[in-house]
Amino acid sequence: VSALDSKASGKMGLRAVIYYMSTTIIAVLIGIIMVVIIHPGKGSKEKMYREGKIVQVTAADAFLDLIRNMFPPNLVEACFKQFKTSYEERTPHTAPIDSNETSVLAAIINNVSEAMENLTHLKKEMIPVPGAVNGVNALGLVVFSISFGLVIGNMKEQGRALRDFFDSLNEAIMRLVALIMWYAPLGIMFLIAGKIVEMEDMGVIGGQLAMYTVTVIIGLLIHAIVVLPLIYFLITRRNPWVFIGGLLQALITALGTSSSSATLPITFKCLEENNGVDKRITRFVLPVGATINMDGTALYEALAAIFIAQVNNMDLNFGQIITISITATAASIGAAGIPQAGLVTMVIVLTSVGLPTDDITLIIAVDWFLDRLRTTTNVLGDSIGAGIVEHLSRHELRSKDAEMGNSVIEENEMKKPYQLISQEHENEKPLDSETKM
């Protein structure tokens, strides 16, 4: 960001946000169309297998958490923790009785207060309290980095030392990532093998949830193989499969880690080295995309919500489907870039149309597998977005390169005036000697 001016970065940010919102809405529509056509929720839910527990969360708290995470109080803590509202059960207490009252009035109050106390013991309130969960607060780090980069960029020559430092640090980290990538295939194999071994009943995927799993896979494939490449081709007029071919390492890493934030270093490397995307674009677009652009998660949440409605034999009207699409789009933005974060925001989508949140336990059994597929779709969407933003911003980048080139020439001329004069005299000497000859 420091290599760009605020005007250029603003235009890039606007293009990226328009792309993110467009692809997320398209993903939600694909999910809704797939689940309505295939209708995987036929039958009764009584015989279906349930797994895990669901943490209740309100839409207001989820979006407030998003805003709180944008401004972390401690940058070091933001590298491994993020803010999350938790809930505690508390019983409301009755007010103490004044002993100075008359005996008859006191007796009546005592009787009433005892009855109220018995009722309040039966009713417990859920009180939101501040808390934290393990996971990188990517949104807070991105907001700080963008702000810091803009300040360094406006400092011009004074900020050059910091800019060079971060460039060197980035190069060192990229070389470290290159070493780690040699071990990635083995690590990914064991990550997936470990999840398969943890499954209590392998028949769950092949049996009760088979149609649901197939529906999600078809929806994700349509979005990843048809929609995203088509958008890339229509805007850039380049072959999307060559571009996607350069991302294979990042996509395989996303499949193994199930985290778009953890895949970021590999995505940087693939885009910059294999596809030749400008570093100023990738460092600006990808971290934001890994945090707010969740195409696969949005598709999955809309599809899963309608699947749960079908399982409960509930007929959703057009208004409720629109509500699900809007809520799923918003909830996907609020989802963290960590494994199975979509299950938490799923509660918001179900609550918006009055569906039972406990029924999320019906789909947890296959979520570990589908989570990997939707993370791969998320990473692909972010990467194609970087390619599109670079194509649309090519004029700003060229003009900035020209300005940087001119400023470097001017700076060299200011720093070395005596050398330039001496060189001119040296050039003149042989001419004088030649004329004398």
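In what follows, the accompanying structure is described. (Residues numbered from 1 in each chain as written. Predicted model: local features only at pLDDT ≥ 70, side-chain atom pairs only at ≥ 80, totals over all residues. Heavy atoms only, no water.)

## Quick word on the overall build of the protein chain
Along the backbone of the protein chain there are 19 helices and four strands. Looking at the protein chain residue by residue over its 437 residues, the buried ones come to 42%. In the protein chain, of all internal contacts separated by at least 6 residues, the share reaching a separation of at least 24 is 84%. Just so you have it, the protein chain exposes about 23500 Å², and 65% of that area is on carbon and sulfur atoms. (Helix = DSSP H or I, 4+ residues; strand = E, 2+ residues; numbered from the N terminus. Buried < 20%, exposed > 50% of the residue type's maximum accessible area, 1.4 Å probe, protein only. Contact = heavy atoms within 4.5 Å. Areas by Shrake-Rupley, 256 points an atom, 1.4 Å probe, with all protein chains shown as cover.)

## Focus on the pattern of salt bridges
Counted according to the given criterion, the structure contains eight salt bridges. The partner of K11 in a salt bridge is E396, and the shortest N-O contact between them spans 3.8 Å. With K11 in helix α1 (residues 6-38) and E396 in helix α18 (residues 394-415), this residue pair connects regions lying 385 residues apart in the sequence. We classify K11 as partly exposed; its relative accessible area is 36%. (Salt bridge = Lys/Arg side-chain N within 4 Å of Asp/Glu carboxyl O.)

## Remarks on helix α9 (residues 210-236)
Across its 27 residues, α9 extends 38 Å between first and last C-alpha, which sits within 8% of the 39 Å expected from 1.5 Å per residue. Where α9 bends most, at H223, the angle is about 30°. Remark: R237 follows α9 within two positions and exhibits a positive phi of approximately 60°. (Expected span 1.5 Å × (residues − 1). Bend = angle between axes of the 7 residues up to and from the residue.)

## Comments concerning the nonpolar core
The biggest cluster of nonpolar side chains holds 76 residues, and the ones touching the most others in it are Y212 and I384. Broken down by element, this core gets its largest block of residues, twelve residues, from helix α14 (residues 295-311). Setting aside chain neighbours within four positions, we find I384 in contact with Y19, L228, P229, Y232, F243 and I244. (Core = buried A, V, L, I, M, F, W, Y, C linked by side-chain atoms within 4.5 Å.)

## Quick notes on the packing of helix α5 (residues 138-154) against helix α13 (residues 279-292)
Contact geometry for α5 and α13: axes closest at 9 Å, N-to-C directions at 155°. The angle between α5 and α13 places the two elements in the roughly antiparallel class. As for the relative orientation of α5 and α13, their crossing is left-handed in sense. Along the contact surface, α5 presents A138, L139, V142 and I146, while α13 presents F284, P287, V288 and T291. By residue class, the composition of the contact of α5 with α13 is seven nonpolar, one polar and no charged. (Axes fitted to C-alpha atoms, helices over the stretch in contact; angles between N-to-C directions. Parallel < 35°, antiparallel > 145°, perpendicular 65-115°, else oblique. Left-handed = near helix turned anticlockwise from the far one by under 90°. Nonpolar A, V, L, I, M, F, W, Y, C, P; charged D, E, K, R; others polar.)

## Overview of the side chain of T282
As for its position among the elements, T282 is in helix α13. A distance of 2.6 Å separates polar atoms of two side chains, one belonging to T282 and the other to E272. (Polar contact = N/O pair within 3.5 Å; in protein donor to acceptor, adjacent residues only side chain to side chain.)

## Considering the packing of aromatic side chains
Going through the model one piece at a time under the given rule, you end up with seven aromatic pairs. For the ring pair F148 and F166, a centre distance of 6.0 Å and an interplane angle of 85° mean the geometry is edge-to-face. Within this pair, whereas F148 is found in helix α5, its partner F166 is found in helix α6 (residues 160-180), the two being separated by 18 residues in sequence. F148 gets classed as partly exposed once you look at its relative accessible area, which sits at 30%. With a relative accessible area of 34%, F166 lands in the partly exposed category. Here Y212 and F307 contribute two aromatic rings whose centre-to-centre distance is 4.5 Å and whose plane-to-plane angle is 35°, an arrangement assigned as tilted. (Phe/Tyr/Trp six-rings, centres within 6.5 Å; stacked < 30°, edge-to-face > 60°.)

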